[in-house]
Amino acid sequence: MPVYYWKMYRRILICCALLATSVLAQSPSVKRPDIVGVAHIGLKTNDLAAARNFYGRDLGFAEAFTLDKPAGGLLLTYFKVNDHQYIEVFPDLKSETEDRLSHIAFETTDARQLRDYLAARGVKVPDAVHPGRDGNLSFMLQDPDGHNVEFVQYLPGSLHVSNFGKFLPDTRISTHMIHVGVTVADRDAADRFYKDVLGFREMWHGGMQDDRTDWVDMRVPEGTDWLEYMLNVHNPSPRTLGVMHHLALGVPSVEASYKTLTGRGMQVEQPKIGRDGKWQVNLYDPNRTRAELMEPKPVQTPCCSPMR
């Protein structure tokens, strides 16, 4: 190569390097904001009266408020677990074959920054984050299994924050939703999203047999709540999906909760110790979505892996 062209080539390379350095300096990487816990689970029903009876009368949660559709008619109703956690019920189940799960949601300290963080890592997210009709900042995306996952930032003046300290009756069977569970077909893909990108960390895994993993508990990065991967679920029926797509409510004593529920006239299966070593009892809402009551600590050594 002639010296003249070589010098021009070097100048072009230097200019490109300087430009790249300038762009990087002006666009620092976005830090992930905190993800502090489960915010809510959204469930569908075709019998709102029965759902109100189950979540309101039987489980004792207050129906704190509702939202209507822009064109009129009920969009959803909120059963309040605590100031930061809700069970959202949508009266729009169209078919017995339809999945009852609408979405799961986690609370973040900065929804816009989280959106930018995910976008910078190649995750498909909305173009922008705007206040919702409830007054909070939130956005929805799909995880690798196609589940709708929402991230919520509670804002002053929102429907939720305006009702902090309200609608918290002593009748609540639980004051804390400790986890939600969804089916996962490809654990590696789920881990790339929840673990590598979002910062969730495994706290326990187990299975029906000691040499098999059917469940993986993934704790949120800045809190104690977790997401439970439900593995090895193939061609599930709607009934099976209702078991797998579930919520878990923490209780200090499953035995005491069992007595409370049967005293309210509920037909409840006998409590048992799960493979994680914790006392638990399964309940089912009118559309067969499972609500699990669980004690916080194992009373037996968990199978399969230590509890972190």
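Residues numbered from 1 in each chain as written. Predicted model: local features only at pLDDT ≥ 70, side-chain atom pairs only at ≥ 80, totals over all residues. Heavy atoms only, no water.

J.: Sorry if this is basic, but what is going on with unusual backbone geometry here?
T.: Residues apart from glycine generally show negative phi values, whereas peptide bonds are mostly found in trans. Although it is not a glycine, N232 sits at a positive phi angle of roughly 60°. For N232, the position within the fold is in the loop between β11 (226-230) and α5 (238-244). With relative accessibility at 36%, the residue N232 sits in the partly exposed group. Within the chain, R288 stands out as a residue other than glycine whose phi angle is a positive 75°. Following the sequence through the fold, R288 ends up in the loop between β14 (279-284) and β15 (290-294). (Helix = DSSP H or I, 4+ residues; strand = E, 2+ residues; numbered from the N terminus. Buried < 20%, exposed > 50% of the residue type's maximum accessible area, 1.4 Å probe, protein only.)

J.: Just to check I follow, could you spell out the pattern of salt bridges for this structure?
T.: Pairing between side chains becomes possible if they bear opposite charge and their charged atoms approach one another. Counting across every chain of the model gives 14 salt bridges. For R100, the salt bridge is made with E96, and the minimal N-O distance between the two is 3.0 Å. Among the salt bridges present, the one from R115 reaches D116, with a minimum N-O distance of 2.9 Å. Owing to a relative accessible area of 14%, R115 belongs among the buried residues under this scheme. The network of salt bridges with shared partners includes R187, D191, E202 and R308. (Salt bridge = Lys/Arg side-chain N within 4 Å of Asp/Glu carboxyl O.)

J.: Could you clarify how one ought to interpret the layout of surface pockets in this entry?
T.: If you roll a probe as big as a water molecule over the atoms, it shows you where there is empty space left. By volume, the largest pocket is sized at about 480 Å³. Around the largest pocket sit 26 residues that line it, and M208, W215, M230, Q280 and R290 are the ones nearest its centre. Sorting the residues of the lining of the largest pocket by element identifies β10 (215-219), β11, α5, β13 (272-273), β14 and β15 as the ones contributing at least two each. Roughly 310 Å³ of internal volume is contained in the second largest pocket. Forming the boundary of the second largest pocket are 18 residues, of which L67, Y78, D134, S138 and E150 lie nearest the centre. Those elements that place two or more of their residues in the lining of the second largest pocket are β3 (74-82), β4 (85-90), β6 (137-142) and β7 (148-153). Per-element accounting of the lining of the second largest pocket gives the leading share, three residues, to β3. Its residues assigned to classes, the lining of the second largest pocket comprises eight nonpolar, six polar and four charged. (1 Å grid on protein atoms, 1.4 Å probe; cavity = no way out; pocket = protein on both sides within 12 Å on 5 of 7 lines; lining within 4 Å. Points joined across faces, edges and corners; volume = space filled by probe spheres on them. Nonpolar A, V, L, I, M, F, W, Y, C, P; charged D, E, K, R; others polar.)

J.: I tried to follow the environment of V125 on my own but got confused; where do I start?
T.: Of note, V125 is situated in the loop between α3 (111-120) and β6. Take V125: its relative accessible area is 16%, and that puts it in the buried class. C-alpha of V125 to C-alpha of P236: the two residues are 111 residues apart in sequence and 28 Å apart in space. With residues near it in sequence (within four places) discarded, V125 still touches R115, L118, A119, F139 and L141. (Contact = heavy atoms within 4.5 Å.)

J.: What should I look at first to understand helix α2 (residues 48-58) in this one?
T.: It helps to recall that an α-helix has 3.6 residues per turn; residues three or four apart then point in one direction. Among the residues of α2, L48, A51, F54, Y55 and D58 are the ones counted as buried. Note on α2: the residue one or two positions beyond its end, G60, has a positive phi of about 80°.

J.: Sorry, what's going on with α3 here?
T.: Of the positions making up α3, those classed as buried are A111, L114, R115, Y117 and L118. The buried side chains of α3 occupy one side of the element, clustering within an arc of 160° when seen end-on. Structurally, the start of α3 carries an N-cap: the backbone nitrogen of R112 is 3.3 Å from a side-chain oxygen of D110. Where α3 terminates, the next one or two residues include G122, which has phi positive at roughly 85°. (Arc of directions from axis to C-beta. Polar contact = N/O pair within 3.5 Å; in protein donor to acceptor, adjacent residues only side chain to side chain.)

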